[in-house]
Amino acid sequence: EAQRAAVVGGLKYDAYLALTITASDKISSNPNVTAVWQGRIVKVYTTPTTYTEAWSNNVWCVLDFMTSPDGCNIPIENIDVQSFIDAAAYAQPVDGSRDWQLNLILDEKKSRQDWLNEMLLCFRAYRTYQNGKHGLLIDKPEPVSQIFTVKPTESIQIDWQELSEDTERIILKYPDPDYEWQNVGAPATMTPPFKNATYDGNGNVVSKGTPLAKTIEVHGVTNFKQAS
C-alpha cells in the first residue's frame, strides 16, 4: 500500500482507486471500472454530549460534513446536536417503517453549500439556525406551532402560490444499483383530473388533461422506496 501511495501521490481527504491492468485478449483499451465505496467513520450521537464512532448512512453523514475541516468546518459547539438525534430517529426508526439513507460520492467540483443541499434533499430536511446553533429539521407531521388571532380592527395577508404553478406530477430520478446505477425515475402523481382538464356542459370530465410535471435528480438516494 505504501508503494502504491508513493506512485499516485497524496490526496488528503479523498478516496481513490489505483489499478494496474495488464492488456489481454479481453482487455485491449481503457476498461470501465466501477467500485462500491463504504464511507468513512462518523460520530453517531445518543445524547448531545455522548457519541460513538461508526459507519453510517443516516443523517450523521450530514453532521460530519457540516463539522469536518474538508466540509463546512462548523465547530460542534455551534451545532444543535439534539436536532440531529431527533432527525436520525425519524429517518431510520427502530421499527423499520422508514429507511431513508444517504449514499453519495462527492466526485464533482461543487460548493459546500451545493453538496450540503444534495444531502439534505435525501432526507427531505432543512437547516435551522436558532440561538446561535445550526440544526436540522425533517419535513414530517408536526403539531401546530403557532396560532394567529386576528382582531376586528386588524387584518392579515396570506399569499398563495398560483394554481397554474402547482406541480401535479413529481418524477424523482435517482441512481439504482439494480439497473447498473443508471438514473431511473420514481413518479408521484396526484389524482386526475388535472388543471387543464376539459368538461362538457354538465360539468362532466371530457378529458382528464396532462399533469404539470417536474423532474428532480437526487444523487444520494439509491432505492425506489425512499425515492417514491
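Residues numbered from 1 in each chain as written. Predicted model: local features only at pLDDT ≥ 70, side-chain atom pairs only at ≥ 80, totals over all residues. Heavy atoms only, no water.

Quick notes on the environment of glutamate 180
Quick note on the threshold: Helix and strand assignments come from DSSP, with helices taken as H or I runs of at least 4 residues and strands as E runs of at least 2, each series counted from the N terminus. Buried means the residue's accessible area, taken with a 1.4 Å probe over protein chains only, is under 20% of the maximum for its type, while exposed means over 50%, and partly exposed covers the values in between.
Mapped onto the secondary structure, glutamate 180 falls in the loop between strand E5 (169-176) and strand E6 (182-189). Judged by relative accessible area, which is 68%, glutamate 180 ranks as exposed.

Details of the packing of aromatic side chains
Ring pairs (aromatic) are described by centroid distance and by the angle formed between their planes. Cut-off, in case you're wondering: Ring geometry is summarised as follows: Phe, Tyr and Trp rings, the Trp one being its six-membered ring, pair when their centres sit within 6.5 Å, and such pairs are stacked at plane angles under 30 degrees, edge-to-face over 60 and tilted between the two. Each ring is checked for a lysine NZ or an arginine CZ that lies within 6 Å of its centre and within 35 degrees of its normal; such an atom marks a charge sitting over the ring.
Applying the stated criterion to the full structure yields three aromatic pairs. Note on tyrosine 45 and tyrosine 51: the rings are 5.1 Å apart at their centroids and 50° apart in plane angle, and the pair reads as tilted. We classify tyrosine 45 as buried; its relative accessible area is 9%. Accessibility expressed as a relative area gives 37% for tyrosine 51, which makes it partly exposed. Relative to tryptophan 60, the ring of tyrosine 45 lies with its centre 6.1 Å away and its plane at 40°, an arrangement referred to as tilted. You can see tyrosine 45 sitting in strand E1 (residues 42-47) and its partner tryptophan 60 sitting in helix H2 (residues 60-67), a full 15 residues away along the chain. The same class applies to tyrosine 45 as to tryptophan 60, namely buried. An aromatic cluster is present here, built from Tyr45, Tyr51 and Trp60 joined pairwise through their rings. Looking at arginine 98, its charged tip hangs above the ring of tryptophan 100, at a distance of 6.0 Å from the centre. One Lys or Arg, lysine 140, reaches over the ring of tyrosine 90 and ends 5.6 Å from the middle of that ring.

Let's talk about the pattern of salt bridges
The following threshold applies: What counts as a salt bridge is simple: a side-chain nitrogen of Lys or Arg found within 4 Å of a carboxyl oxygen of Asp or Glu.
Overall, the coordinates contain five salt bridges when judged by the stated rule. We note a salt bridge from aspartate 64 to arginine 40, for which the minimum N-O separation is 2.8 Å. Here aspartate 64 is found in helix H2, whereas its partner arginine 40 is found in the loop between helix H1 (2-8) and E1, with 24 residues between them in sequence. Aspartate 70 is paired through a salt bridge with arginine 40; the nearest N and O atoms lie 3.2 Å apart. Of the two residues, aspartate 70 is situated in the loop between H2 and helix H3 (81-91) and arginine 40 in the loop between H1 and E1; the sequence distance between them amounts to 30 residues. When its relative accessible area of 26% is taken as the criterion, aspartate 70 is described as partly exposed. Where salt bridges share partners, they join Arg40, Asp64 and Asp70 into one cluster.

With respect to the packing of H2 against H3
If you want to describe how two helices pack, look at the angle between their axes and the distance between the axes. To keep things clear, this is the line we draw: To get an axis, a line is fitted to the C-alpha atoms, and for a helix only the part in contact is used. The angle between two axes follows their N-to-C directions and goes from 0 to 180 degrees. For classification, angles of less than 35 degrees are called roughly parallel, those exceeding 145 degrees roughly antiparallel, those between 65 and 115 degrees roughly perpendicular, and all remaining angles oblique. Any two residues whose heavy atoms approach within 4.5 Å are treated as being in contact. Gly counts as polar in this scheme, as do all residues outside two lists: the nonpolar Ala, Val, Leu, Ile, Met, Phe, Trp, Tyr, Cys and Pro, and the charged Asp, Glu, Lys and Arg.
Where H2 contacts H3, the two axes come as close as 9 Å, and the packing angle between them is 150°. As judged from the angle between their axes, H2 and H3 are roughly antiparallel. Judged by residue contacts, Trp60, Val62, Leu63 and Met66 of H2 engage Phe84, Ile85 and Ala88 from H3. Residues of the contact of H2 with H3, tallied by class, amount to seven nonpolar, no polar and no charged.

Details of the side chain of glutamate 168
Secondary-structure assignment places glutamate 168 in the loop between strand E4 (133-138) and E5. Other than its neighbours up to four places away in sequence, glutamate 168 contacts Ala188, Thr189, Met190, Phe194, Lys195, Thr210, Pro211 and Leu212.

Observations concerning the sheet that holds E6
The criterion, for reference: Strands pair, by our definition, only if DSSP identifies at least two bridges between them.
Sheet architecture is open: three strands sit in the order E6-E5-E9, paired in mixed fashion. Two strands lie at the open edges of the sheet, namely E6 and strand E9 (213-217), each paired on one side alone. Going from strand to strand, the sheet's axes swing by 25° on average, the running direction of each strand aside. Sheet analysis places E5 next to E6, joined by eight bridges and oriented antiparallel. Note that in E6 the partner of aspartate 176 across the bridge is glutamine 182.

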